[in-house]
Amino acid sequence: MSRPDLVNTFRERIAGGLISAPLAGTSDPPWYRLLAGEGINAFWTEMTTADGLLRGGRKTRAMLTQEPGRPTDPPRPLPRLYPDLGVPVVCQLFGHLPEAFAFAARFVELCGYDALDLNFGCPAQKVVRSGNGVALMRDPPLALEIASATLESTSLPVTAKLRLGFASDPRIFLRLAAELDGMGITALTLHPRTREDGFSGRSDWSAITELVGAVRCPVIGNGDVKAPEDARRMLESTGCHAVMVGRAFIREPWQARRMAQMLRGEEVRPEADWTGRVEWTRRHGLLLAGFYGEKRAMFKVRRFALHYLRGVEGAGELRRRMAVVADLAEFERLLDEALAL
Ligand SMILES: Cc1cc2nc3c(=O)[nH]c(=O)nc-3n(C[C@H](O)[C@H](O)[C@H](O)COP(=O)(O)O)c2cc1C
């Protein structure tokens, strides 16, 4: 398919829908499978370094080719990634070298992703210090050079994720967005906080409304959507094309189905009860183990278990034991015991 066809198809597939946000340390293949079937319209990968990819970092390449057994240096296009999910997976890249993005864009296309996202919003100190993430909003010419190098190197849809800008200039997003729109970007995500805000305060949804009115491309709204009603309110009040959710899914992944139901105008099913919370924990742990192996999976699942396992008497003690769980047998035993609480 040509880019215009791919772009139209991509835009249609996310229209009015729910997107799983890029989440470093969280949005990985087990995550997509955990939420598959919950009504998500697209998954964004965690951010991957374009510059590292160009340098030939094997870990970075393996992170992108993802599935065990796939070549980490594809000489030819690989089959599409995750056909079982039935929804697009968008690979997010960060970096600051246009030539790295050009290389990475070709690489990502060979790997079988459905689209590519440029990270212009990450506020983390170690990312910004090297001129990446939101630092690029201070240097619009470089951000545009990166977007242009990417667009020229792939026929995949290319999107970008922005913050407002900086406390000293919280309207940079409008200027940068207008330029990106003019270049033919497929969609823009706005997390309406400044770099200095980090995650504090409330995201300013009025900036999403403003952006919707200022560009032709679809705008994906993001920030502080915690419950089904928030998702609907964001879509309706800002006129955005789709809603992207991050932290609420880390805490309560069952909210995905509830939000999707709300957006589709269906009856919203109840919150997960205790048994549901235990089974979400089990499923996530097993998916992580299948992908990362037991040791790494148990380390990773602790963080999620601390969120999922809440709400009944005795849950505190269970979480304390989960916080140090080291093997699958112990993990399963704790969850079996949890069902009796
Ligand atoms: C743990 C964590 C990791 C994140 N990783 C990324 C990332 O890799 N790329 C990115 O663009 N944003 C990242 N974000 C930001 C989220 O994608 C999202 O913009 C932000 O959390 C606001 O949405 P929310 O209120 O729904 O969480 C991350 C946020 C969190 C909490």
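Rules behind the numbers
Residues numbered from 1 in each chain as written. Predicted model: local features only at pLDDT ≥ 70, side-chain atom pairs only at ≥ 80, totals over all residues. Heavy atoms only, no water. Helix = DSSP H or I, 4+ residues; strand = E, 2+ residues; numbered from the N terminus. Rg over C-alpha atoms; globule rule 2.2 N^0.38 Å. Buried < 20%, exposed > 50% of the residue type's maximum accessible area, 1.4 Å probe, protein only. Phe/Tyr/Trp six-rings, centres within 6.5 Å; stacked < 30°, edge-to-face > 60°. Lys NZ or Arg CZ within 6 Å of the ring centre and 35° of its normal. 1 Å grid on protein atoms, 1.4 Å probe; cavity = no way out; pocket = protein on both sides within 12 Å on 5 of 7 lines; lining within 4 Å. Points joined across faces, edges and corners; volume = space filled by probe spheres on them. Nonpolar A, V, L, I, M, F, W, Y, C, P; charged D, E, K, R; others polar. Expected span 1.5 Å × (residues − 1). Contact = heavy atoms within 4.5 Å.

(A) Spatial organisation of the overall build of the chain. A tally of regular secondary structure across the chain gives 16 helices and nine strands. The C-alpha radius of gyration computed for the chain amounts to 20 Å, which stays within 12% of the reference 20 Å derived for 341 residues, consistent with globular compactness. Projecting the C-alpha coordinates of the chain onto the three principal axes gives extents of approximately 60 × 45 × 40 Å. Burial analysis of the chain (341 residues in total) assigns 56% to the buried set.

(B) Spotlight on the packing of aromatic side chains. As enumerated under the stated definition, the model contains nine aromatic pairs in all. With a centroid separation of 5.2 Å and 75° between ring planes, the pair formed by tyrosine 32 and tyrosine 82 is classed as edge-to-face. With a gap of 50 residues between them, tyrosine 32 in helix α2 (residues 29-35) and tyrosine 82 in the loop between α4 (58-65) and β4 (89-94) connect regions that are remote in the sequence. Neither residue differs from the other here; tyrosine 32 and tyrosine 82 are each classed as buried. Among the aromatic residues, ring-to-ring pairing joins Trp31, Trp254, Trp280, Phe304 and Tyr308 into one connected group. Just above the ring of phenylalanine 199 sits the side chain of arginine 163; from NZ or CZ to the centre is 5.5 Å. Against the face of phenylalanine 304 rests arginine 303, its NZ or CZ located 4.9 Å from the ring centre.

(C) Quick peek at the layout of surface pockets. Computed from the structure, the largest pocket encloses a volume of approximately 850 Å³. When residues of the lining of the largest pocket are traced back to their parent elements, those giving at least two are β3 (48-49), α4, β4, α6 (125-128), β6 (158-165), β9 (242-245) and α11 (247-251). Examining the composition of the lining of the largest pocket, we find that four residues originate from one element, α11, more than from any other. Among the residues making up the lining of the largest pocket, the classes are represented as 18 nonpolar, 12 polar and nine charged.

(D) Structural detail: helix α13 (residues 274-292). Helix length check: α13 (19 residues) gives 27 Å between terminal C-alpha atoms against 27 Å at 1.5 Å per residue, within 8%. Those residues of α13 not exposed but buried are Trp274, Gly276, Arg277, Val278, Trp280, Thr281, Arg282, His284, Gly285, Leu288, Ala289 and Tyr292. Where α13 is buried, its residues touch α2, α14 (294-308), α15 (315-322) and α16 (328-338). Backbone geometry just downstream of α13 places glycine 293 in the positive-phi region, at approximately 90°.

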